[in-house]
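Observations on the model geometry
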Amino acid sequence: MPGTLSFDDLSARVLEGSIDTVLVCLVDMQGRLMGKRFHAANFIEHSHAETHCCNYLLATDLEMATPDGYAATSWQSGYGDYVMKPDLSTIRPMPWLEGTVMVLCDVLDHHTHEAVPHDPRAVLKKQIARLEGLGFTAMMATELEFFLFERSFDDLRRDGYRDLVPISGYNEDYNILQTTKEEAVMRPLRNHLYAAGIPVENTKGEAEAGQEELNIRYAEALACADHHTIAKHAVKEIAWQQGRAATFLPKWDPARVGSSSHVHQSLWQGDAPAFYDKGADHGMSDLMTRYMAGLIAYAPDYTAFLAPYVNSYKRFLKGTFAPTKTVWSVDNRTAGFRLCGEGTKGVRVECRIGGSDMNPYLAQAAMLAAGIKGIEDGLELAAPTRGDVYDEAAATEIPRTLRAATETLRGSKMLRDAMGDDVIDHYTRAAEWEQDEFDKAVTDWEIARGFERA
Ligand code: ADP
């Protein structure tokens with residue numbers, strides 16, 4: 001399949017005139033691509049070495065507000081620069097944009113050129129390095145769920161997002177007829193991503209009107225997060241090109257199911273699946289049981305990384321396929337953790353807590369940290385839960401609000417030891433700010449309920 005481009009490939013394409021634009025991007029706290037569009041000649045001659053951006057890019061909210069309370073940057077420190085260092089192994093075409101390639105950057109301190117610890121790519125790289133220290137690599141796959149709408153982003157924004165009509169009229173789970181009608185968006189999405197070196201497996205209709213799922217083949221953790229980020233970006237751009245809108249908001253309608261991003265995880269030693277033990281129960285190696293025990297024990301600590309906004313928590317509802325309990329189950333979609341590929345070399349755990357709004361770098365890093373802790377401490381995995389896990393009274397609950405998840409994050413010794421106090425303090429502040437901003441809002445629901453009757 002097509003892959004990334006080498007710097008020499010890119011230079012040749014620029015010389016022959018087929019590429020004229022290079023998007024030089026970092027990944028922000030929300031998991032979005034932020035950066036600059038370079039003339040390709042400038043990138044080849046100079047900017048491939050490094051470029052700069054305002055350091056507020058890793059300290060804003062979704063609306064680019066500049067909250068106080070971050071140690072890393074502030075108005076007081078004058079919002080200086082970061083170095084954006086292109087990772088030249090990530091150059092890839094963006095075939096849905098004419099003459100354009102992109103490259104992802106690592107974010108470095110302007111003065112020391114050290115990695116900025118709360119850069120999402122740096123956060124994940126740190127846990128990958130810890131895992132490598134134990135002799136393993138992590139293979140991950142993140143599913144992308146989202147909704148498509150009839151009208152465009154611009155139309156919907158002008159109308160205050162009031163007339164949200166999904167692109168299809170009925171539940172389209174696995175439905176071929178309905179998804180045929182959506183091929184104007186979904187076919188270019190699959191084909192352009194594939195041509196960009198992203199190993200698309202398939203797309204399918206999901207369990208609501210207008211809901212889609214995109215599956216990408218599992219890859220090493222950093223590549224998986226890169227793929228997810230670029231694919232999410234492509235969904236929005238290609239929908240926009242077709243005069244449609246796509247949302248990754250986990251819950252946009254209280255009466256419909258939400259969108260998630262399940263994360264499949266396995267550890268490997270070279271080509272050998274380290275989670276597999278032919279003779280063991282379910283084919284799960286001791287290593288896998290320890291890793292899973294860590295994932296389960298520390299789920300409340302890292303839920304804020306899987307569900308980073310107030311809206312993320314509206315998804316966790318009984319009977320919706322979104323989990324509410326930190327237990328595991330064998331091929332059962334009501335538990336927070338599902339064993340997949342039982343008894344095969346593909347044996348893996350799927351974490352079902354993440355919302356479609358998660359930042360995949362932070363989410364994967366936090367889960368690796370939990371799994372590593374499970375391995376290091378030799379944690380024991382409890383027996384699997386059976387049946388409808390929603391009714392499992394004894395099981396630990398996933399934090400049900402951002403406020404609660406912020407406090408478990410703040411107090412997590414495991415994550416502080418694994419990621420550093422600076423990183424945890426930074427993202428705790430981000431979560432606090434989200435909650436504070438929401439607390440200031442007066443919602444439609446409050447008006448409708450109380451305007452006359454209160
Ligand atoms: P389901 O539809 O039941 O969730 P799939 O068979 O479609 O499961 O697989 C879901 C995801 O799991 C795919 O993206 C696939 O690439 C990924 N996957 C398969 N094997 C592994 C593995 N060993 N480790 C991590 N992810 C894997």
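Residues numbered from 1 in each chain as written. Predicted model: local features only at pLDDT ≥ 70, side-chain atom pairs only at ≥ 80, totals over all residues. Heavy atoms only, no water.

On to the packing of aromatic side chains. One pair of aromatic rings is described through two measures. These are the centre distance and the angle between the planes. Within the structure shown, the criterion is met by nine aromatic pairs. Of note, lysine 440 hangs over the ring of tryptophan 433, and the distance from its end group to the ring centre comes to 5.6 Å. (Phe/Tyr/Trp six-rings, centres within 6.5 Å; stacked < 30°, edge-to-face > 60°. Lys NZ or Arg CZ within 6 Å of the ring centre and 35° of its normal.)

Our focus in this paragraph is the packing of helix α9 (residues 299-306) against helix α10 (residues 360-376). It is the contact of α9 with α10, at a shortest axis distance of 8 Å, that shows an interaxial angle of 170°. Judged by the angle between their axes, α9 and α10 are roughly antiparallel. Touching Tyr302, Phe305 and Leu306 of α9 are Leu362, Ala363, Ala366, Met367 and Ala370, all from α10. Split into classes, the residues belonging to the contact of α9 with α10 amount to eight nonpolar, no polar and no charged. (Axes fitted to C-alpha atoms, helices over the stretch in contact; angles between N-to-C directions. Helix = DSSP H or I, 4+ residues; strand = E, 2+ residues; numbered from the N terminus. Parallel < 35°, antiparallel > 145°, perpendicular 65-115°, else oblique. Contact = heavy atoms within 4.5 Å. Nonpolar A, V, L, I, M, F, W, Y, C, P; charged D, E, K, R; others polar.)

Let's shift gears to the site of the ligand. Residues in contact with the ligand amount to 15 residues; listed here are only the nearest, Glu201, Ile216, Tyr218, Ser266 and Arg348. At 2.8 Å, a side-chain N or O of glutamate 201 approaches an oxygen atom of the ligand. At 3.2 Å from an oxygen atom of the ligand is found a side-chain nitrogen or oxygen belonging to arginine 348. Against a free-state accessible area of 570 Å², the protein chains account for coverage of 78% of the ligand. The set of elements that each furnish at least two residues to the shell around the ligand consists of β7 (137-142), β13 (263-269) and β17 (348-351). No other element matches the three residues that β13 contributes to the shell around the ligand. For the shell around the ligand, the class distribution of residues is five nonpolar, three polar and seven charged. (Near = heavy atom within 4 Å. Polar contact = N/O pair within 3.5 Å; in protein donor to acceptor, adjacent residues only side chain to side chain. Areas by Shrake-Rupley, 256 points an atom, 1.4 Å probe, with all protein chains shown as cover.)

Two side chains carrying opposite charge are able to pair once their charged atoms lie near each other. Following the criterion strictly, the structure yields 31 salt bridges and no others. The residue arginine 121 makes a salt bridge to aspartate 106 at a minimum N-O spacing of 2.9 Å. You can see arginine 121 sitting in helix α3 (residues 120-133) and its partner aspartate 106 sitting in strand β6 (residues 100-109), a full 15 residues away along the chain. Arginine 121 gets classed as buried once you look at its relative accessible area, which sits at 1%. The class for aspartate 106 is buried, based on a relative accessible area of 14%. Taken together, the shared-partner salt bridges in this structure form one network comprising Asp68, Glu407, Arg410, Arg429 and Glu432. (Salt bridge = Lys/Arg side-chain N within 4 Å of Asp/Glu carboxyl O. Buried < 20%, exposed > 50% of the residue type's maximum accessible area, 1.4 Å probe, protein only.)

Right, let's talk about the domain arrangement of the protein chain for a bit. Examined at the domain level, the protein chain breaks down into domain 1 (7-116) and domain 2 (127-445). One C-alpha centre belongs to domain 1, the other to domain 2, and the line joining them spans 26 Å. Between domain 1 and domain 2, the residue contacts involve 25 residues of the former and 25 residues of the latter. Its largest share of buried area at the contact with domain 2, domain 1 owes to Met29, Arg92 and Trp96, together 32% of the area lost on that side. In this structure, the connection of domain 1 to domain 2 is made through one salt bridge. When the shortest N-O distance is used, the salt bridge between aspartate 68 and arginine 429 registers 2.8 Å. Here domain 1 is connected to domain 2 by eight residue pairs in polar contact (both at pLDDT 80 or more). When residues of the side of domain 1 that touches domain 2 are traced back to their parent elements, those giving at least two are β5 (92-93) and β6. (Domains from an automatic or database assignment. Buried area = accessible area lost by both parts, 1.4 Å probe.)

Let us look at a nonpolar patch on the surface. Together, Val442, Ile447 and Phe451 make up an exposed nonpolar region whose accessible area comes to about 360 Å². Mapping valine 442 onto the fold places it in the loop between α13 (421-440) and α14 (444-450). Of the residues examined, valine 442 reaches a relative accessible area of 61% and is grouped as exposed. (Patch = residues over 30% accessible without salt bridge, like charges linked within 9 Å, V, L, I, M, F, W, Y side chains within 5 Å.)

Side chains of nonpolar character tend, in soluble globular proteins, to be buried together. Counting residues in each nonpolar core, the largest one holds 121 residues, and the members touching the most others are Leu193, Tyr302, Phe305, Phe337 and Leu415. Here the element with the most residues in this core is α10; it accounts for eleven residues. Setting aside residues no more than four positions away along its own chain, leucine 193 makes contact with Trp96, Pro188, Ile198, Val200, Leu214, Ile230, Ala231 and Ala234. With five residues, the next largest nonpolar core counts Phe147, Phe149, Ala245 and Trp252 among its residues. (Core = buried A, V, L, I, M, F, W, Y, C linked by side-chain atoms within 4.5 Å.)

Our focus in this paragraph is the packing of helix α6 (residues 183-195) against helix α7 (residues 221-241). Relative orientation of the contacting elements α6 and α7 amounts to 140°, with a least axis distance of 10 Å. The orientation of α6 with respect to α7, classified from their angle, is oblique. Our pair here, α6 against α7, has a crossing hand that is right-handed. Only Ile230, Ala231, Ala234, Val235, Ile238 and Ala239 of α7 make contact with α6, whose side of the interface consists of Val185, Pro188, Leu189, His192 and Leu193. (Left-handed = near helix turned anticlockwise from the far one by under 90°.)

On to the pairing of strand β1 (residues 21-27). If a strand is regular, its side chains alternate between the two faces of the sheet. Burial runs high along β1: seven of the seven residues are buried. Neither face of β1 is exposed, since Thr21, Leu23, Cys25 and Val27 on one face and Val22, Val24 and Leu26 on the opposite face are all buried. For β1 and β6, the ladder comprises five bridges, and the chain directions are parallel. Bridge pairing in β6 links valine 24 to valine 103. In the sheet, β1 pairs with strand β2 (residues 33-39) via seven bridges, with the strands oriented antiparallel. Bridge pairing links valine 27 to leucine 33 in β2. Between β1 and β2, which follow one another and run antiparallel, lie five residues, and glycine 31 among them has a positive phi close to 85°. (Pairing = 2+ DSSP bridges.)

The strand order across the open sheet built from four strands is β9-β10-β8-β12, with neighbouring strands paired in antiparallel fashion. The open sheet has two edge strands, β9 (200-205) and β12 (245-247), and neither has a second partner. In this sheet, neighbouring strand axes are inclined to one another by 30° on average, regardless of whether the strands run parallel or antiparallel. Most of the contacts of α6 go to β9, to which it runs at about 165°, and overall it touches β8 (144-149), β9 and β10 (211-216). Packing against the sheet, α7 makes contact with β8, β10 and β12, and its axis sits at approximately 5° to β8.

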